[in-house]
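# Coordinate analysis (summary)
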Amino acid sequence: MNGPDRALDETRSLVVPALRKAVDRLDPQLRKVVAYHLGWVDEHGDPTVEDGGKAVRPTLALAGARAVGADPSAVVAGAVAVELVHNFSLVHDDIMDRDVTRRHRPTVWSIWGEPTAILAGDAMASLAREVVLEDTGTGAPRAALMLERATRTLIHGQVQDMEFEERGTVPLAECEAMSTRKTSSLLAASTVIGALLADADRDLVRPLWSYGIHVGLAFQLIDDVLGIWGDPKVTGKSNHSDLRAKKKSLPMTWALEQGSADADRLRAWLTTGGTTESEIASAVDALDRLRAKDWAEHRAADLVDAAKNDLDGTALVRDAVDELCELADFICARKA
Ligand SMILES: CC(C)=CCC/C(C)=C/CC/C(C)=C/COP(=O)(O)OP(=O)(O)O
């Protein structure tokens, strides 16, 4: 097992028992739905072991704690909280996007309906707050406030994402700002929450935050790439969902700015085109001819370099910085 895979695995063994304890507090109906989404039970509530997600955010939380010299086992509450906020956003996102597959299984709303899925998401968001506020350490209020702000920012990003679907074109800078809100806010919050719970000095928290912002945008770029060119058997998600919804993903937004016949074709398709298999395939062909995937991968690699630079020359613990750098590389190279 390589470094990041080992770190993600270690996170699961430290965080999942605490996550289960938190989820156990829910009423039996929502407990089953949330446990299903997290890959612990099947839709009848019988125990199973399914894909519960990569655990990137809690891994960042534990690595961030290590980076400021804290014991990761003392900040598990923060790791649990960011994973809960993340999963709340996924369950609600699947409703909004009408996606029927996530983590290789039917989505929550497609099994139990929208009202139950909304409540399951809400329950995870409120459990996240509860878990952090229960922490009695001196850093807990700072951590709780930061998590609330990150959640509000993520919601702001999601509203913009929806609004951009209705607009013909969106400047790339605006699309990156939206993605930073939608995705980087929680990755940055994840990277600092362990450090905040450990009451770390602001000078140590600042580079971790900046790292999380850069890594978060790289994460979204790769997510957008996988949504267009990924293998659904590997990603475990519905294929071409962003294209069918005519979303202004980052590669699409960049492609529209290229001022060529293919950019014009894409613009025309976004305004009046259909979403049959062959129409989607033509849109992908245009993106391929523009080399939009190469652009996105290079941009993500540059952001990973920027994230590594954020940690360079700081007083953060060297081994943990190395782990964060490996995680950044993993985020860029991931296929799911
Ligand atoms: C309010 C609201 C609905 C907001 C939606 C925000 C949203 C869905 C942003 C996208 C974030 C993202 C790239 C998720 C995939 O994470 P991942 O690949 O780490 O997923 P995993 O846990 O399955 O591995």
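Let me sum up the structure you'll find in this document. (Residues numbered from 1 in each chain as written. Predicted model: local features only at pLDDT ≥ 70, side-chain atom pairs only at ≥ 80, totals over all residues. Heavy atoms only, no water.)

### Re the site of the ligand
To be explicit about the condition: We call a residue near a given molecule or strand whenever any one of its heavy atoms falls within 4 Å of it. Pairs of N or O atoms are called polar contacts if they sit within 3.5 Å, as long as, within protein, a hydrogen donor faces a hydrogen acceptor (for residues adjacent in sequence, only side-chain-to-side-chain pairs). The accessible surface values rely on the Shrake-Rupley method and a 1.4 Å probe; as for residues, cover is taken only from the protein chains in view.
Around the ligand, the structure places 19 residues, and the nearest of them are K54, R57, H86, R103 and Q158. For the ligand, an oxygen atom lies 2.5 Å from a polar atom in the side chain of K54. Within the side chain of R57, one N or O atom sits 2.8 Å away from an oxygen atom of the ligand. Protein contacts shield 94% of the accessible area of the ligand, which totals 640 Å² for the unbound molecule.

### Points about the nonpolar core
Note the following rule: Think of a nonpolar core as a cluster: buried Ala, Val, Leu, Ile, Met, Phe, Trp, Tyr and Cys residues, connected wherever their side-chain atoms sit within 4.5 Å. The classification of residues rests on relative accessible area computed with a 1.4 Å probe and restricted to protein chains. Under 20% of the type maximum is buried, over 50% is exposed, and intermediate values are partly exposed. Any two residues whose heavy atoms approach within 4.5 Å are treated as being in contact.
Residues L147, L208, Y211, L266 and L324 are the most contacted members of the largest nonpolar core, which totals 112 residues. Ignoring any residue separated from it by four or fewer positions in sequence, one finds Y211 in contact with L60, T191, A307, D310, L311, L324, L327 and A328.

### Observations regarding the environment of S238
Defined as follows: Numbering of helices and strands runs from the N terminus; a helix is a DSSP stretch of H or I covering at least four residues, while a strand is a stretch of E covering at least two.
With respect to the helices and strands, S238 occurs in the loop between α10 (232-235) and α11 (241-244). Between the C-alpha atom of S238 and that of V100, which follows or precedes it by 138 residues, the distance is 6.7 Å. Setting aside residues no more than four positions away along its own chain, S238 makes contact with D99, V100, T101 and R244. At a separation of 3.3 Å, a polar atom in the side chain of S238 contacts the main-chain amide nitrogen of T101.

### Describing the environment of A123
The residue A123 is located in helix α6 (residues 114-134) in this model. Not counting chain neighbours up to four residues away, the residues in contact with A123 comprise L26 and L30.

### Here we look at the packing of aromatic side chains
Where we set the bar: Any pair of Phe, Tyr and Trp rings, taking the six-membered ring for Trp, is counted once the centres come within 6.5 Å. Such a pair is stacked with planes under 30 degrees apart, edge-to-face with planes over 60 apart, and tilted for the rest. Both a distance and an angle decide whether a charge sits over a ring: NZ of Lys or CZ of Arg must be within 6 Å of the ring centre and within 35 degrees of the ring normal.
Across all of its chains, the model carries two aromatic pairs by this definition. On the numbers, 5.1 Å between centres and 75 degrees between planes, the contact of Y36 with W112 is edge-to-face. Of the two residues, Y36 is situated in helix α2 (residues 28-37) and W112 in helix α5 (residues 108-112); the sequence distance between them amounts to 76 residues. An identical accessibility class is assigned to Y36 and W112; each is buried. Relative to W295, the ring of W254 has its centre 5.4 Å away and its plane inclined at 5 degrees; by these criteria the two rings are stacked. Of this pair, W254 sits in helix α12 (residues 250-256) while W295 sits in helix α15 (residues 292-311); the two residues are 41 residues apart in sequence, bridging distant segments of the chain. The residues W254 and W295 share a single accessibility class, namely buried. The side chain of R20 reaches across the aromatic face of W40, ending 4.4 Å from its centre. Over the ring of W109 we find R98, and its NZ or CZ is 4.6 Å from the ring centre.

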